Amino acid sequence: MSDSKPSIRILGKKIGMTRVFDKEGTLVVCSVVQVEPNVVAQVKTKESDGYSAVKLGADRLSSAKKKNLSKPLLKDYEKKNIDPRRHLFESRVDDTSSFELGQEIGVDHFSEGAFIDVTGTSKGKGFQGVMKRHNFKGGPAAHGSGFHRHAGSTGNCSTPGRVFKGRPMPGQMGNEQVTVQNLKVVKVDVEKNVILVKGAIPGSRTSKVWIQSAVKKTA
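Calculation rules
- Residues numbered from 1 in each chain as written.
- Predicted model: local features only at pLDDT ≥ 70, side-chain atom pairs only at ≥ 80, totals over all residues.
- Heavy atoms only, no water.
- Helix = DSSP H or I, 4+ residues; strand = E, 2+ residues; numbered from the N terminus.
- Rg over C-alpha atoms; globule rule 2.2 N^0.38 Å.
- Buried < 20%, exposed > 50% of the residue type's maximum accessible area, 1.4 Å probe, protein only.
- Contact = heavy atoms within 4.5 Å.
- Areas by Shrake-Rupley, 256 points an atom, 1.4 Å probe, with all protein chains shown as cover.
- Lys, Arg positive; Asp, Glu negative; His and termini not counted.
- Charge placed at Lys NZ, Arg CZ, Asp CG, Glu CD.
- Phe/Tyr/Trp six-rings, centres within 6.5 Å; stacked < 30°, edge-to-face > 60°.
- Core = buried A, V, L, I, M, F, W, Y, C linked by side-chain atoms within 4.5 Å.
- Salt bridge = Lys/Arg side-chain N within 4 Å of Asp/Glu carboxyl O.
- Pairing = 2+ DSSP bridges.
- Axes fitted to C-alpha atoms, helices over the stretch in contact; angles between N-to-C directions.

Student: Help me get a handle on the overall build of the protein chain, residues and values and all.
Tutor: A tally of regular secondary structure across the protein chain gives 3 helices and 12 strands. Computed over its C-alpha atoms, the radius of gyration of the protein chain comes to 23 Å, more than 25% above the 17 Å expected for a compact globule of 219 residues. Each principal axis of the C-alpha distribution contributes one length, and for the protein chain these read about 70 × 50 × 40 Å. Within the protein chain, buried positions represent 33% of all 219 residues. Taking all contacts inside the protein chain whose residues are at least 6 apart in sequence as the whole, residues at least 24 apart take part in 71%. As displayed, the protein chain has an accessible area near 13,800 Å², and 49% of this comes from carbon and sulfur atoms. With 37 positive and 21 negative side-chain charges, the protein chain shows a spacing of 12 Å between the two charge centroids.

And the structure:
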């Protein structure tokens with residue numbers, strides 16, 4: 001993203017993955033994110049709200065789906081002359097002077113070659129053991145071994161006589177919020193509202209992802 005544009009988080013949808021060739025002819029594996037332009041539904045300032053933020057609406061609703069929203073929310077959209085959106089969220093910003101009500105923010109907010117952070121919900125893998133969940137090596141694979149895929153010792157004897165918090169144990173794996181930082185923007189297609197990001201991003205196909213300018217930029 002260019003330095004002239006303010007940093008803001010917008011909502012998109014993961015479409016899948018693909019491969020493209022860069023200018024040097026190197027094959028680059030990319031994640032495809034579709035971003036329907038997010039609309040500014042409210043601008044919050046320190047003077048009026050105590051902090052600076054922009055409330056954005058994403059995923060335009062059809063006429064048949066508008067009934068799923070509450071009446072106060074529909075009235076608020078009508079008052080602001082904005083088409084109702086399925087998702088409504090806030091994005092903290094340092095300066096709100098460049099945003100106005102009804103403004104649309106799409107993939108053109110980012111530029112090719114810039115670095116972004118992508119946040120999404122990882123795929124749920126259910127209850128898993130320590131080898132898959134924490135990359136444990138496991139025990140001997142011989143027939144006489146009674147220790148193959150166990151976690152081994154998890155606590156102490158009579159002192160202190162308990163299992164310490166944070167010990168790697170079997171349990172629920174995945175289905176949690178994950179942020180991947182410093183991913184390079186390979187291509188921005190404004191006509192199709194699509195952005196290609198180098199590498200993998202969390203989530204399954206059609207899952208929601210948030211993208212923003214990299215907090216800690218890579219050289």
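Student: Now, about the packing of aromatic side chains: what can you tell me, with residues and values included?
Tutor: For any pair of aromatic rings, geometry is given as the distance between the ring centres together with the angle between the planes. Tallying each qualifying case throughout the model produces 1 aromatic pair. For the ring pair Phe89 and Trp210, a centre distance of 6.3 Å and an interplane angle of 85 degrees mean the geometry is edge-to-face. Here the residue Phe89 occupies a position in strand S5 (residues 85–92), and Trp210 occupies one in strand S12 (residues 208–213), the gap between them amounting to 121 residues. Overall, the relative accessible area of 10% leaves Phe89 in the buried class.

Student: Outline the nonpolar core, supporting the account with residue identities and numerical values.
Tutor: Counting 26 residues, the largest nonpolar core has Ile8, Ile10, Leu56, Ile116, Ile195 and Ile211 as the members making the most contacts within it. Sequence-distant contacts of Ile10, that is, excluding residues within four places in its chain, are made with Val35, Asn38, Leu56, Phe89, Ile105, Gly106, Phe110, Val209, Trp210 and Ile211. One finds Val39, Leu61, Leu69 and Tyr77 within the second-largest nonpolar core, a separate group that totals 6 residues.

Student: I'd like a description of the pattern of salt bridges, backed by residues and values.
Tutor: Opposite charge on two side chains permits pairing when their charged atoms draw close. Counting across every chain of the model gives 6 salt bridges. Among the salt bridges present, the one from Asp76 reaches Lys80, with a minimum N-O distance of 3.2 Å. The salt bridge partner of Arg85 is Glu104, with a shortest N-O separation of 3.8 Å. A residue pair is termed long-range when its members are at least 10 positions apart, and Arg85 in strand S5 and Glu104 in strand S6 (residues 104–105) qualify at 19 residues.

Student: So what about the pairing of strand S11 (residues 194–198)? Which residues, and what values?
Tutor: Summarising burial for S11: 4 of the 5 residues are buried, a large majority. Relative to S11, strand S2 (residues 27–34) is paired through 5 bridges, and the arrangement is antiparallel. From the neighbouring strand, Gln34 faces S11, where its bridge partner is Val194. Bridge count for strand S10 (residues 177–189) against S11 is 4 bridges, and the pairing is antiparallel. Note on S11: the bridge partner recorded for Val188 is Ile195. Connecting S10 to the antiparallel partner S11 that follows it, the hairpin turn spans 4 residues, and Asn193 within it adopts a positive phi of roughly 55 degrees.

Student: Can you explain the sheet that holds strand S4 (residues 53–60)? Please cite residues and give values.
Tutor: The sheet built from 4 strands is open, its strands ordered S5-S4-S3-S6 with antiparallel pairing. The sheet is open, and its two borders are formed by S5 and S6, each paired with just one other strand. When S4 meets S5, the two strands line up antiparallel, connected through 7 bridges. If you follow Arg60 over to S5, its bridge partner there is Arg85.

Student: Quick one: what's the story with the sheet that holds strand S7 (residues 115–121), residue by residue and with numbers?
Tutor: Strand order in the closed barrel formed by 6 strands is S1-S2-S11-S10-S7-S12, and the pairing between neighbours is antiparallel. The mean angle between the axes of side-by-side strands here comes to 50 degrees, regardless of whether they run parallel or antiparallel.

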